[in-house]
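Each chain, letter by letter, is given below.
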Amino acid sequence: MNYLNRAIERELQRAIKTFKAVLVTGARQVGKSTLLRNLFPSRRYVSLDDPFLEEQAKNDSNAFLLFNSPPITIDEIQRAPILFRYLKMRCDEAAENGLFCLSGSQQFHLMKGVSETMSGRVYILELSGLSLRELNGDPFGERFVPTLDYVLRRRETAKPPQDLWQIIHRGSYPGLLNPDVSWESFFGSYIKTYLERDLRELSAVHDLDTFRRFMIAVAARTGSILNYSNIADEIGKDVNTVKKWIAILEASGIIYLLEPYANQALKRAIKTPKLYFRDTGLACYLTRWVTKETLAYGAMAGNIFETFVVSEILKSFSNNGLDYRHFVCYYRGKDKKATDNEIDLIIEENGILYPIEIKMTGTPKANYTAAFQILDDLPDKKRGTGAVLCLCSEPGVLRENVMQIPLWYI
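So, how was this worked out
- Sequence order sets the numbering: in each chain, residues are counted from 1 along the sequence as written.
- It should be noted that, the model being predicted, local features are given only for residues of pLDDT at least 70 and side-chain atom pairs only at 80 or more, the latter also being counted only at that level, while totals for whole chains, interfaces and linings use all residues.
- Side-chain numbers come from the whole structure's heavy atoms, not from hydrogens or water.
- To qualify as a helix, a DSSP run of H or I must reach at least 4 residues; to qualify as a strand, a run of E must reach at least 2; elements of each kind are numbered from the N terminus.
- For a compact globule the rule gives 2.2 Å times the number of residues to the power 0.38, and the radius of gyration it is set against comes from C-alpha atoms.
- Categorising residues by exposure relies on relative accessible area from a 1.4 Å probe, with only protein chains included: less than 20% of the type maximum marks a residue as buried, more than 50% marks it as exposed, and the intermediate range marks it as partly exposed.
- Here a cavity denotes grid points, spaced 1 Å and computed from the protein atoms alone, that fit a 1.4 Å probe unable to get out, and a pocket denotes an open set having protein on both sides within 12 Å along at least 5 of 7 lines; residues with an atom within 4 Å of a point are the lining.
- Grid points are joined across faces, edges and corners, and a volume is the space filled by probe spheres set on the points.
- Throughout this entry, Asp, Glu, Lys and Arg are counted as charged residues, while Ala, Val, Leu, Ile, Met, Phe, Trp, Tyr, Cys and Pro are counted as nonpolar. The remaining residues, Gly among them, count as polar.

Colleague: Which parts of the structure should I look at to understand the overall build of the chain?
Modeller: The helix and strand tally for the chain stands at 16 helices and 15 strands. For the chain, the C-alpha radius of gyration of 22 Å lies close to 22 Å, the compact-globule estimate for 410 residues. Counting only C-alpha atoms, the chain reaches 70 × 50 × 50 Å along its principal axes. Of all 410 residues assigned to the chain, the portion counted as buried reaches 56%.

Written out as structure tokens, the structure is:
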């Protein structure tokens, strides 16, 4: 299977020229090793998946680096966290940049090692699953912001996917690009590997059958406000255990928690995050939506659609080297008349709030955006252009300062 160019390549090429070390994180199977081997074919490549190399890196880090001197790519770096200490020394001793290109799947171990020893010496990038842009071979590289200027630039290359629900159902893991790979076999193997290998390394979870039921319960709630007690009741565990297991799923890149918008002026706002699976294919597998047709017309279609749209927006930020956690949030609360209001997503940049409603419809209505006005009276903030991201065929104006935007414009 031919290599599919990744949108993050431009940022990675820039980073390797300006930093001593670059670390590529991301969930298992999103293509980190393939990316690094194709982008830097002349660099020596070693993987700590090799038991001998892992043992050497752990027990004699100096000897390991003597035989594997930079410039070098080290994959699965989290298997030998002690190596970070020696990488720091090599970085401090050298004048040139681009010494170490690192990658790994488990953010618990990675972030702990980086924060303790490599701060200021390493540039961190997160690789996600394939985006619609990447699947379409679209060279457009800007992060998504719902402004008129963005839409005008985006329309030069944006094109609708041939089979959107096939893409949503199959998921974004590069391994599934091969049409001969069975969807059920891929995700069955993925879950088995995650439970039996990654999970045991991340945390002392011994009851794997209950954790599997926990993952199914979480997948059924993608696109919903997180309710620990509700999940705990369903799987027969206490709330503290559920909180710990949610943290594990988040740290290993399986889910994302979208935080609520925090502002003292919004006294009635809900302060609980929303939960999203990072890959819609995995969420469909766990909740047993086994075909694209049953998914598109099923009870979870709206939640899975919203999950897909949020994931695409996050990818547009991470592929530009930006931590999306600093830019996105949501709002849900009651106004003075005790009416429930929700804004699915808010993108904040430079004190401007861009509200977004996500709707699985081809004919959006202006009244979908009534909650946007809540942002008008916030001190020191300005409401920017709002949007309904949906299945419409073309962008257009719904009302003053609010547009309809096809999801493939992300």
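Colleague: So what exactly am I meant to see when it comes to empty space enclosed by the protein here?
Modeller: Rolling a probe over the atoms, with the probe sized like a water molecule, indicates the empty space that remains. Using the criterion set out here, one finds five cavities of 30 Å³ or more in the structure. A volume near 120 Å³ is recorded for the largest cavity. Lining the largest cavity are 14 residues, with Ala27, Val30, Gly129, Gly253 and Arg278 positioned closest to its centre. When its residues are assigned to classes, the lining of the largest cavity shows four nonpolar, six polar and four charged. Considered as a void within the structure, the second largest cavity measures approximately 80 Å³ in volume. Put simply, the parts of the chain that give the lining of the second largest cavity at least two residues each are helix 7 (132–136) and helix 16 (301–318). In terms of residue count, helix 16 provides more of the lining of the second largest cavity than any other element does, four residues in total. Residue classes in the lining of the second largest cavity are distributed as five nonpolar, five polar and four charged.

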